[in-house]
Structures are given as C-alpha cells and as structure tokens.
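For reference, the chains in residue letters:
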Amino acid sequence: MARWCYRHRLVVLLLWLGALFGLGAASSAAGTNYANVFSLPNTDSTTAYDLMEKAFPERAGDTDTVVWKVDGDGGASVRDESVRSRIEPALEEIGRMKGVGEVTDPYAAQGAAQISRDGRIAYAQITFTEQANAIPKELIEDVVDTAQAAERDGLQVELGGQAIARTQEPPQGTAEAVGILAAAVVLFLAFGSLFAMLLPIVVAIAGVGTGLIGTMLLSHVTDVPEVAPLLGSLIGLGVGIDYALFIVTRHRRGILRGMKPEESAVTALNTSGRAVLFAGGTVCIALAGMLVMNMRFLDGVVVATSLTVVLSVLAAITLLPALLGLLGMRVLSRRQRRRLAAAGPEPEEASGLAARWSAYVQKSPRRLAALAVVVMAVLAIPVLSLRLGATDQGNHQDSTTTRQAYDLLAEGFGPGVNGPLQVVVDGNAPAGLVDGIRSTEGVAQVAAVPPANGVTVIQVVPTTSPQSEQTDRLIDRLRDEVIPKSGAEAHVGGVTAVFKDFASVTGDRLPYFVATIIALGFLLLMVAFRSLVVPLTAALMNLIAAAASFGVLVAIFQWGWGTELIGVGKEGPITSFLPVIMLSLLFGLSMDYQVFLVSRMHEEWVHTKDNARAVRVGLAETSRVINSAALIMICVFSAFVLSGDMEGAMAGIGLAAAVALDAFILRTALVPAAMHLLGKSNWWLPDWMEKRLPHLAVEPKEEPVAPAGEEEPAGAGRASVVHGYVRTADGEPVDGAAVTLLTKGGRQVDRVTSLADGSYIVSVPAPGTYLLATTAPSYGSRAGQVVVADGPLVHDVELAEGEVDAAPRGGGVN
C-alpha cells in the first residue's frame, strides 16, 4: 500500500482533500448537537434529576445570574432608587430579548430572598430557552453588555453561569494553533528542513481535522459531551505529529544511508509504519477501556478520541507516503543533500550524544535506576492526598466576571448558594422532613417549593462551598440519616451531588479499569515481543508514570502551586472523571514509546542474542526520536492551558508532565537500566507459551538496499543469517570477539560480539557471497568468504594466538 500511495500521490492527495471539504460542508450544514450527560445510572442524584424533569419540564433552559453590589459607605443599599433606576431597566431589556425565557427580579414581591441581609448585594436569575451550548453567542454577549452597562461608581455588576462563561473562552483553535506552532519549531530544529518539518504537521492536521468534523456529525446520532472534541484534538495532534515523525525519521535515515527515495519510503512504512499501526491500536484499546466504567458521559469521549486516533494513523500510512513522493530528496535539508552527494552514505551505526548516553546507561545501570526511582517516588507523593470532585466558576481567574459573580454571591448569601442541593420527593413531603433538614448540621437555608406534577422539591443551601468536604458529608447525612428517619421516598440531587456520585463511582470502578488496560497491554506486548518480563516491566512503568503525573497534577491544581502563574485560576479538587480519561491517554502514549524503544531492541536481540548490545543499540537509535516526539507532545499538551477550559487545562498539564517523565526518565533511563540489570531474562518466555501464542510482527527487520553504484548480492530478496561459534584451537569459546559481515564491495552489513559460550549470529539481507571477518583481543584475526543460499548458514571460526589468516575456514549450509 505504501508503494501505491507513493506512486499515486496526486490521487491520494485529492481523496484526502475531498474528504476534508466534503465532511466540512456536511458539518456546516448539520451543525453540532453536543450533550453533557453527566448523570450515572442507578445513582441517587440521577433519580432526583429525573423527578425534577417530571416536575418542571418547562425549565429546560440554562439559568444564569446577574449579581450587583453597592459600596457600603454612607449606608447605601441595593434598594435605593438610584440603584433600582439603573438595574431594573437593564433587567427588563434582557427579559425582552429573543431567547430569554424569564428574569426573576429581586425587587418583585417574591424576590426578598435575593437580597443579602445587609442590603448591599442582590442577584437576578435569567432563564434562557435553550441549554448553554445551544444559546447563540451574540445573545449572551448582548446580555452581558446590557447588564454591565448599568455599572457606575459605587455599583459593581457581574454575571455568572455556564452560558456567561462562553463569552470568556478564547477564540476556538487558539490552543491548537499555539501547540502546532511550538511543534513546528521543535521539528525544524530536529530536521533542519522546512519541507520535512511541514510533513508531520500536515499529516496531523488532516487526521485531527477529519476526526473533529466526524465527531461533530456523530454528535447528532449519539451523546457526545462538549469536552470530547477538545480531548480528541489534544490526543490527535500529539499522536498525529509523533507518528509522522517516527516514519519521516526512518525515511530520512534510509536516504542518508544510500537508499533511493521510493525504496526508503516503502521500507519506512513497512517498519516504522507497522509500529505506528500497533501503537495506534494500543491507544484505541486503552481508550476503549473507559467503557468498563459504564459511564454514559465517557462513551462520547471514547468515540471522539478513538475516531481521531484512527484517522491520524490512517493519514500517517496513506497521506504521508504520498507527500514523501511529492518531496523526493527534498525531505533532506540542502546541507544533507550536498554532504550525501560529496561523501556518500552515512555509516549504519548510531553515533553522537545518543550513542554516548546509551553506553553510559550500560556502564551505570544500578545508579541510574536508583536515581530515577527516587525522582519518580518524590513526584508521586502528592497523589496520596488526591481528592476528586468538580471544578466550578470559583476556580476561574480573579479577573473574570464569572469568578467575581461567584465571590459576590458567596459574600452576600454564604458559600453554599453557589451549589444548592435539591431534596426531591416523589409525592408530598412529610411534615418532619423539612424540619429535619433545617436542623441538620451544615444547612444554611431550606425552602420547599409547592408540589408540581406529583413531585415536591426542597431547596437546600449548605453553609459551605460546593467543593468543600463538609458539603460532601452533608449529602451523606441527608441520604443516610435525615431522609430515612422521615420515612419519605426522597433523593438528593443538584450539580454538587451529581459530581459527588461521579467521584464515588469513579473511585469504586477505577481499580477494574486500571486492571483491564494493564492486562490488555501486557497481552499485546507479550505477543509482540515473545517475553513475559518486557510487558511486566512496561506495566510497572505505566503505573509509576501515572502516579508521578497525578502527583504533579495534585500539586498544581489541588494544592495551588503555580495555578495563577500559569493562568488557570484557583485551586480545587481534581475533576472526578479526569483520572479515567488521563489514564487511558497516558497508557496509550506510554505504550507508544515502549513499542518504538523495545521493538528496535527486540530486532537486535533476535539477530544477536546479546542483551547488552540489543539494549544499547535500541536506546542509541531510538532515544533521539523518542525525546523529540515527547518534546512535541509536551508543547501540544501544554498549549491546552490556553483552551479556556479547566478540564482541558488539567488534562493538558497532566499529560505534558506524564510524557516528560515517561520519555526523559523512564524510557531513556529507567527502562534500559532495568533491562541491562535483568539481562537475558528480559526475553524469557516458556516454551509451551511460545508454541501457543500467535505471531505478531511489530517491526520486521529492514532489508538494506545497496547504495548507488554498488551491486546488490546475487539473488537478493530473502533475508537469512550466518551463525556459529568462535573457538580456539583447543575448542575453548572466545568471549567478546568482534564478528563483522561485509558485502563484496566492503560495506558493513552487520556487526556483533560473541557471547560467553562463543556463539554469534549476524543477519544477512539476501542470499549471496559475503566477507566474514573475526577479531578478538589476544588472538589473531580471521576473514573469509561465506556463500549464503536460501537457508541459514552455520559457520564456526577458529582463532589462534597471533595468527592472521584471510582464507575461509569451516562452514556449511544447514
């Protein structure tokens, strides 16, 4: 398929453009129909919500608040004629706007409760005819402008509510644009080529664009929450750019080592492209793990994020080879093209900082592993105080009108007015229920609404804020003590109760969710790498990364370390559904890095059976691209602080921290150090399991193509190996002998070191005639021709002290 896309690049480009414009036109005509379904089946708050819908079906629209305050100098009051003459006309004008259902006026006969006891603060409630996401933004802006036009010296007017919060959101796409710009800088520094830099970005935009448009259309046939497209674009941009980066890096390396552009592209897709397919599949499996939670709200998140990941992978394996075909040699920078023409292909061995770091890890695995564990453990300490709950407008920045309105309401009427509870009774409320609630510790106000449609609603205002632990305990007292004692069939609802139930259900089901995604990942890696230890190590690393990243999240968003500095408002509990979403994304991304790192190690292990070499070579050849990919993801995720959404900011910062810790500490230091310490046991798998497990090739061995001007070996096309033992004349094994396989033209094909028993194995790209050279300290060297047919060749080498012999010795075809 890669070759077809490369050769039919214009057709592929037209198909992608047609898909983008076609889906875009369809979504423009259909619009969006996002639904924030926060209810949970079989919970007390959901039952209360259903009964309230039965009682008041006409109150389906969003309710927002206008709050005003007068200075206390001179005994001023909101009841003064100078204040009423400014506020009342504004409220009347708002009430006449199309799309506004009703406005409750504190100056009306029933509005006394909407004026504070000291007379300095009052509020009016505006009920729209639609929910917040369906209200035209122009209407909301007119409401805000009309209300705030009543301000004067000594009179402050602020507005709060979900609809009002929409006017404070930054322009749509700001976070994505900043993330893409930052990623472009990293890509340019990594590639040194403008065209190569654009490739991953174009591929990511194509995948995310079609994914988001598809999500908009799907919102008409299933419940998709408003936060789903944000999370979809967050994960889509990250994986889309990274997947393209892995493939482009492999392609550029192939050209620099002498391959023709088309063959290099095909090889890159057949190797790194396979790993991308596998990695994308693990991300989707991790996302689908959220379905174990049985939360309707998360189903739409799974749909949006999985669709975006699938389309990002599709863009990487179809659109990218087409773009590579358009660019040809221009995927390299001018300097690289000039150097390639002047000096010829680069050597195949990794060099530079990555190779030096890999060698250092091999020399000091214990020290590095201990240091990495200490760092991750310290960062994970705050997770012990993790508290799940809900963010609200009290967490907005001080400068926003929603935060000002929230604070004014808390000042005038108590903190509980921002999160009232509803005790909903199916029928008439018993006489003792209202009195029992009123006398309960933690209750500030109680007001029973006259029964409607056979349902009675009792409004309960706590003495504490919605995010307070005391409010959680009040809900428990009402459910466990007050309501049963009254004998009523009643349920506690309201936004605060809903999020408390979310936190409770999340806490109960989270262990099953974690066990599910860890088990699925374990099975996938076991099949792919034919090992029990590698997937076990990966599972442990995923848990360590999750604990440390949640520790960072708690320190910033719950403890408030730097929240105002990064512009995300006031500290509060961690949103109750965020751990599930973050763990899914984190697990998928961690698996990506594990696959790209270990697949190269496994490839080397299969050919050499030398664990130290496999780990060293795998780390040296992948660490640079993994670190570049991680840096890009960190930029993309961190940019979502600018999204204007607290949950988006939490997810962005949490995932950025997780990726940074995972890539720079775990995959670059702790994983390779642990694999060096474990030795050959990394690749242990019982024989009975080996026979029964299906075979899954993540990244097959790349078949080298002879550089320009050099003939390929005769019969090129089928890979094989040369293996045997290096021994002395007395039959003693020679440990550490360097065995090098070269083509007839002198190009190195493979190089390994013999093991303690003298065994070695070198890979052969295709049948033909090669030169096998063997050297070892304290011994002579031996070199000779070997002829490889269709099968593996057994070739033993005998070394004698001080002897130099260029004639072949031994060998045969097996």
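What counts as what
Residues numbered from 1 in each chain as written. Predicted model: local features only at pLDDT ≥ 70, side-chain atom pairs only at ≥ 80, totals over all residues. Heavy atoms only, no water. Helix = DSSP H or I, 4+ residues; strand = E, 2+ residues; numbered from the N terminus. Buried < 20%, exposed > 50% of the residue type's maximum accessible area, 1.4 Å probe, protein only. Contact = heavy atoms within 4.5 Å. Areas by Shrake-Rupley, 256 points an atom, 1.4 Å probe, with all protein chains shown as cover. Lys, Arg positive; Asp, Glu negative; His and termini not counted. Charge placed at Lys NZ, Arg CZ, Asp CG, Glu CD. Pairing = 2+ DSSP bridges. Axes fitted to C-alpha atoms, helices over the stretch in contact; angles between N-to-C directions. Core = buried A, V, L, I, M, F, W, Y, C linked by side-chain atoms within 4.5 Å. Patch = residues over 30% accessible without salt bridge, like charges linked within 9 Å, V, L, I, M, F, W, Y side chains within 5 Å. Salt bridge = Lys/Arg side-chain N within 4 Å of Asp/Glu carboxyl O. Phe/Tyr/Trp six-rings, centres within 6.5 Å; stacked < 30°, edge-to-face > 60°. Parallel < 35°, antiparallel > 145°, perpendicular 65-115°, else oblique. Left-handed = near helix turned anticlockwise from the far one by under 90°. Nonpolar A, V, L, I, M, F, W, Y, C, P; charged D, E, K, R; others polar. Polar contact = N/O pair within 3.5 Å; in protein donor to acceptor, adjacent residues only side chain to side chain.

Here we come to the overall build of the protein chain. Along the protein chain, the regular secondary structure elements total 23 helices and 20 strands. Dimensions along the principal axes, computed over C-alpha positions, put the protein chain at roughly 110 × 55 × 45 Å. Looking at the protein chain residue by residue over its 814 residues, the buried ones come to 55%. Across the protein chain, every contact between residues at least 6 apart in sequence was considered, and the portion connecting residues at least 24 apart equals 75%. Of the roughly 34,000 Å² of accessible surface on the protein chain, 57% is carried by carbon and sulfur atoms. For the protein chain, the separation between the mean place of its 61 positive charges and that of its 79 negative charges on side chains is 9 Å.

One open sheet holds the 4 strands; their spatial order is β2-β3-β1-β4, and the pairing between them is antiparallel. Both edges of this open sheet fall to β2 (100-104) and β4 (155-160), since each of them pairs with a single strand only. Strand-to-strand twist in this sheet, taken as the mean axis angle between neighbours without regard to direction, amounts to 20°. Bridge count between strand β1 (residues 63-70) and strand β3 (residues 121-128): 7 bridges; the pairing is antiparallel. Paired with D64 across the two strands is I126, which belongs to β3. Of the strands in this sheet, β1, β2, β3 and β4 are in contact with helix α5 (residues 137-148), which crosses β4 at around 160°.

This paragraph deals with the nonpolar core. Residues M290, L298, F557, Y593 and F637 are the most contacted members of the largest nonpolar core, which totals 159 residues. Ranked by the residues each element gives to this core, the list is headed by helix α22 (residues 646-678), at 18 residues. Other than its neighbours up to four places away in sequence, M290 contacts L298, V301, V302, F513, V580, I581 and S584. Of all hydrophobic cores here, the second largest spans 30 residues; its members include V83, I126, I140 and A147.

Right, let's talk about the sheet that holds strand β6 (residues 421-426) for a bit. The strand order β7-β8-β6-β9 describes an open sheet built from 4 strands, whose pairing is antiparallel. Across the chains shown, the open sheet's two edge strands, defined by having one partner strand only, are β7 (443-452) and β9 (490-493). The sheet shows a mean angle of 20° between the axes of neighbouring strands, direction not considered. As paired strands, β6 and strand β8 (residues 455-462) are joined by 6 bridges and run antiparallel to one another. Residue pairing across strands places L421 opposite V460, the latter belonging to β8.

Here we come to a nonpolar patch on the surface. Where nonpolar side chains cluster on the molecular surface, the patch consists of V185, F188, L189, L194, F195, L198 and V202 and spans about 650 Å² of accessible area. At 4 residues, helix α8 (residues 194-218) tops the list of elements feeding residues into the nonpolar patch. Relative to the elements of secondary structure, L189 occurs in helix α7 (residues 174-191).

A few words now on the pairing of strand β11 (residues 720-728). Inspection of the sheet shows β11 paired to strand β14 (residues 759-764) by 6 bridges, in the antiparallel sense. Pairing of V722 across the sheet is with V762, part of β14. Examined bridge by bridge, β11 and strand β18 (residues 797-799) share 3 bridges and lie parallel to one another. Looking at β18, one finds that V726 is bridged to V797.

The subject of this paragraph is the environment of I761. Counting through the fold element by element, I761 comes out in strand β14. Under the relative-accessibility criterion, I761 is labelled buried at 15%. Measuring from C-alpha to C-alpha, the distance between I761 and H723 comes to 4.2 Å, with 38 residues separating the pair along the chain. Apart from residues lying up to four places away in sequence, I761 is in contact with V606, H607, T608, K609, V721, V722, H723 and V752.

The subject of this paragraph is the packing of aromatic side chains. Overall, the coordinates contain 6 aromatic pairs when judged by the stated rule. Pairing W68 with Y107 gives two aromatic rings, centres 6.2 Å apart and planes at 40°, and the pair type is tilted. Of the two residues, W68 sits in strand β1 while Y107 sits in the loop between β2 and β3, which places them 39 residues apart along the sequence. For W68, a relative accessible area of 0% gives the class buried. Residues F499 and F502 carry aromatic rings whose centres are separated by 6.2 Å and whose planes lie at 35° to one another, so their mutual orientation is tilted. Of this pair, F499 and F502 both sit in helix α18 (residues 495-529), 3 residues apart, roughly one helical turn. Taken as a pair, F499 and F502 share a single burial class, namely buried.

Before going further, it helps to examine the pairing of β3. Most of β3 is tucked away: 7 of the 8 residues are buried. Of the strand pairs in this sheet, β2 and β3 are connected by 4 bridges, and their pairing is antiparallel. Counterpart to E102 in the pairing with β3 is T127.

The N-to-C vectors of helix α9 (residues 227-256) and α22 enclose an angle of 25°; their axes lie 10 Å apart at closest approach. Between α9 and α22, the angle falls in the class roughly parallel. Seen from above, α9 lies across α22 with right-handed handedness. Mapping the contact onto sequence places V227, L230, L231 and L234 in α9 and E647, G648, A651, G652 and L655 in α22. Counted by class, the contact of α9 with α22 contains 6 nonpolar, 2 polar and 1 charged residues.

Mapped onto the elements of the fold, D501 is located in helix α18. We classify D501 as buried; its relative accessible area is 8%. One polar contact links D501 to R479, side chain to side chain, over a distance of 2.9 Å. For D501, the contacting residues outside a window of four places in its chain are L40, T43, D44, S45 and R479.

Moving on, we come to the packing of α18 against helix α20 (residues 578-608). Running from N to C, α18 and α20 cross one another at 15°; their axes reach a closest spacing of 11 Å. In this view, α18 runs roughly parallel relative to α20, as classed from their interaxial angle. Seen from above, α18 lies across α20 with right-handed handedness. Between α18, through T506, L510, F513, V514, I517, I518, G521, L525, A528 and F529, and α20, the contact on the second element is made entirely by P579, V580, L583, S584, F587, M591, Q594, V595, V598, S599 and H602. Partitioned by chemical class, the residues of the contact of α18 with α20 number 15 nonpolar, 6 polar and no charged.

Looking now at the pattern of salt bridges. One pass over the structure, following the stated rule, counts 14 salt bridges. Two residues, E262 and R7, come together in a salt bridge whose shortest N-O distance is 2.6 Å. One end of the pair, E262, is in helix α10 (residues 261-288); the other, R7, is in helix α1 (residues 2-7), and 255 residues separate them in sequence. Ionic pairing is found between D472 and R387, a salt bridge with its closest N-O pair at 3.9 Å. With a gap of 85 residues between them, D472 in helix α17 (residues 469-486) and R387 in the loop between α14 (365-380) and β5 (388-389) connect regions that are remote in the sequence. Residues participating in the shared-partner salt-bridge network are R3, R7, E262 and E263.

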